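# Commentary on secondary and tertiary structure
Take a look at the letters that make up each chain.
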Amino acid sequence: MERRPEPELMDDEAQALAYAQADFSEAHNRFVALFTECFPGEPGSGVCLDLGCGAADVLVRFARAHPECRIDGVDGAPAMLALAQVAVDAAHLQDRVRLIQGYLPGAELPGRDYDAVISNSLLHHLAVPSVLWETAKRHGRPGAALFVMDLLRPDTPARLDELVRRHAADAPSVLQRDFRNSLLAAYRPDEVKAQLEHAGLGSCRVSVISDRHWIAFGRL
C-alpha cells in the first residue's frame, strides 16, 4: 500500500489522554530491552535525547532501566508534554529528566553532544523524514548510540484490518482510528534504509522485530 501521511502533532487533549492511558507496556518494554541488547552498558552516566517523547512512557521506562543517565525529552505537542510531566513527576524523575516543548527541526535543544539519541513512533508523523535523522546527527556526539523504533506499514488492506483487530480490538474508538492511520503513515524497512543512506547513516541496521514494528540502530 502507498503511504498515507497523518498529522504531525497529537495535540488534541482527548486524543493525547487516550494515548497516555493506553497500555503500550509490551512494545515499550521491548524498546528498552532491545536498546540494552544493541548497546550494552550505555548510556551509563551520560545524557540521552528522546525525540518525540510524547506522554513519556518510553522515557520513564528507559530512565528506570538506566538509573545513572539523564534524559532530555522533546515533543511538539503541549498536550502530550503536560501528560509527560505528570508521568515524570509520578516516577520521581524530576532530577534526571528535562522536558522541552519544540517542533522539529526548529526546536531549541540544549545539547549538541548527547551520548544516545532515541525515538519511538515519531518518524511516521513527520512530513519530511530526514528531520529525524538530521536532528540526531546534529545533536548526538560522534559515535553516540542511535536507536529508533516505529510502526511498519502493512502490505495490503486486509493485513491492515487484521493488525487493527489483533492489537486494538478492545481499545477506545479514537485509538483504533489513530492506530489505523499510523499504520498507513508508517514506513517500510526499505524506505527507512534509503532514508539512512541519504542521511549518511548507511552503517545503521534496520530490523523487523514484530508484526508491526521495526528498529533502526547504529552509531552517529
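Preceding block: the structure.
If you're wondering where the values come from, they're calculated on a predicted model, not measured in any experiment.

So, on to the pairing of strand 7 (residues 213-219). Taking burial as the measure, the seven residues of strand 7 include six buried ones, the bulk of the element. Note that strand 6 (residues 205-208) and strand 7 share four bridges and pair antiparallel. Opposite Val 206, over in strand 7, you have Ala 216 as the bridge partner. Where strand 6 folds back on strand 7, the antiparallel hairpin that results is connected by four residues.

With twelve residues, helix 6 (residues 157-168) should reach 16 Å at 1.5 Å per residue; the first-to-last C-alpha distance of 16 Å fits that figure. Restricting attention to buried positions, one finds in helix 6 the residues Leu 160, Leu 163, Val 164 and Ala 168. Viewed along the axis of helix 6, the buried residues span an arc of 100°, placing them on a single side of the element. The exposed set on the far side of helix 6, more than 90 degrees from its buried face, consists of Ala 158 and Arg 165. The elements touched by buried residues of helix 6 are helix 7 (173-185).

Close contact between helix 6 and helix 7 brings their axes to 10 Å; oriented N to C, the two are set at 140°. When the axes of helix 6 and helix 7 are compared, the pair comes out oblique. Judged by the sense of rotation from one axis to the other, the crossing of helix 6 with helix 7 is right-handed. Mapping the contact onto sequence places Leu 160, Asp 161, Leu 163, Val 164, His 167 and Ala 168 in helix 6 and Gln 176, Phe 179, Arg 180, Leu 183 and Leu 184 in helix 7. In the contact of helix 6 with helix 7, the residues fall into seven nonpolar, two polar and two charged.

Of all hydrophobic cores here, the largest spans 30 residues; its most connected members are Phe 35, Phe 62, Ile 71 and Phe 147. Elements supplying a minimum of two residues to this core: helix 2 (25-38), helix 3 (57-65), helix 4 (78-90), strand 4 (114-120), strand 5 (140-151) and strand 7. Residues in contact with Phe 62, not counting those within four places in the same chain, are Val 32, Phe 35, Pro 43, Cys 48, Cys 69, Ile 71 and Ile 118. One finds Val 47, Ile 100, Trp 133 and Leu 152 within the second-largest nonpolar core, a separate group that totals 29 residues.

On to the pattern of salt bridges, then. The final tally for this structure, using the stated rule, is 13 salt bridges. One salt bridge connects Arg 98 with Asp 72, and the closest N-O pair in it is separated by 2.9 Å. Of this pair, Arg 98 sits in strand 3 (residues 97-101) while Asp 72 sits in strand 2 (residues 70-75), placing them 26 residues apart in sequence. Given the relative accessible area of 3%, Asp 72 is considered buried. A salt bridge links Lys 137 to Glu 134; its shortest N-O distance comes to 3.8 Å. Placement of the pair is Lys 137 and Glu 134 together in helix 5 (residues 130-139), with a separation of three residues, close to one helical turn. Ionic contacts of the salt-bridge type, sharing partners, join the residues Arg 159, Glu 162, Arg 166, Asp 211 and Arg 212 into one network.

It is worth spelling out the packing of helix 2 against helix 3 at this point. When two helices pack together, their arrangement is given by the angle between the helix axes and the distance between those axes. Relative to each other, helix 2 and helix 3 sit at 45°, their axes nearing to 10 Å. With respect to helix 3, the element helix 2 is oriented oblique. Between helix 2 and helix 3 the crossing geometry is right-handed. Residues Ser 25, His 28, Asn 29, Phe 31, Val 32 and Phe 35 of helix 2 form the contact with helix 3, whose participating residues are Asp 57, Val 58, Arg 61, Phe 62 and Ala 65.

Cut-offs and rules
Residues numbered from 1 in each chain as written. Predicted model: local features only at pLDDT ≥ 70, side-chain atom pairs only at ≥ 80, totals over all residues. Heavy atoms only, no water. Buried < 20%, exposed > 50% of the residue type's maximum accessible area, 1.4 Å probe, protein only. Helix = DSSP H or I, 4+ residues; strand = E, 2+ residues; numbered from the N terminus. Pairing = 2+ DSSP bridges. Expected span 1.5 Å × (residues − 1). Arc of directions from axis to C-beta. Contact = heavy atoms within 4.5 Å. Axes fitted to C-alpha atoms, helices over the stretch in contact; angles between N-to-C directions. Parallel < 35°, antiparallel > 145°, perpendicular 65-115°, else oblique. Left-handed = near helix turned anticlockwise from the far one by under 90°. Nonpolar A, V, L, I, M, F, W, Y, C, P; charged D, E, K, R; others polar. Core = buried A, V, L, I, M, F, W, Y, C linked by side-chain atoms within 4.5 Å. Salt bridge = Lys/Arg side-chain N within 4 Å of Asp/Glu carboxyl O.

All we've got here are geometric facts, nothing functional implied.
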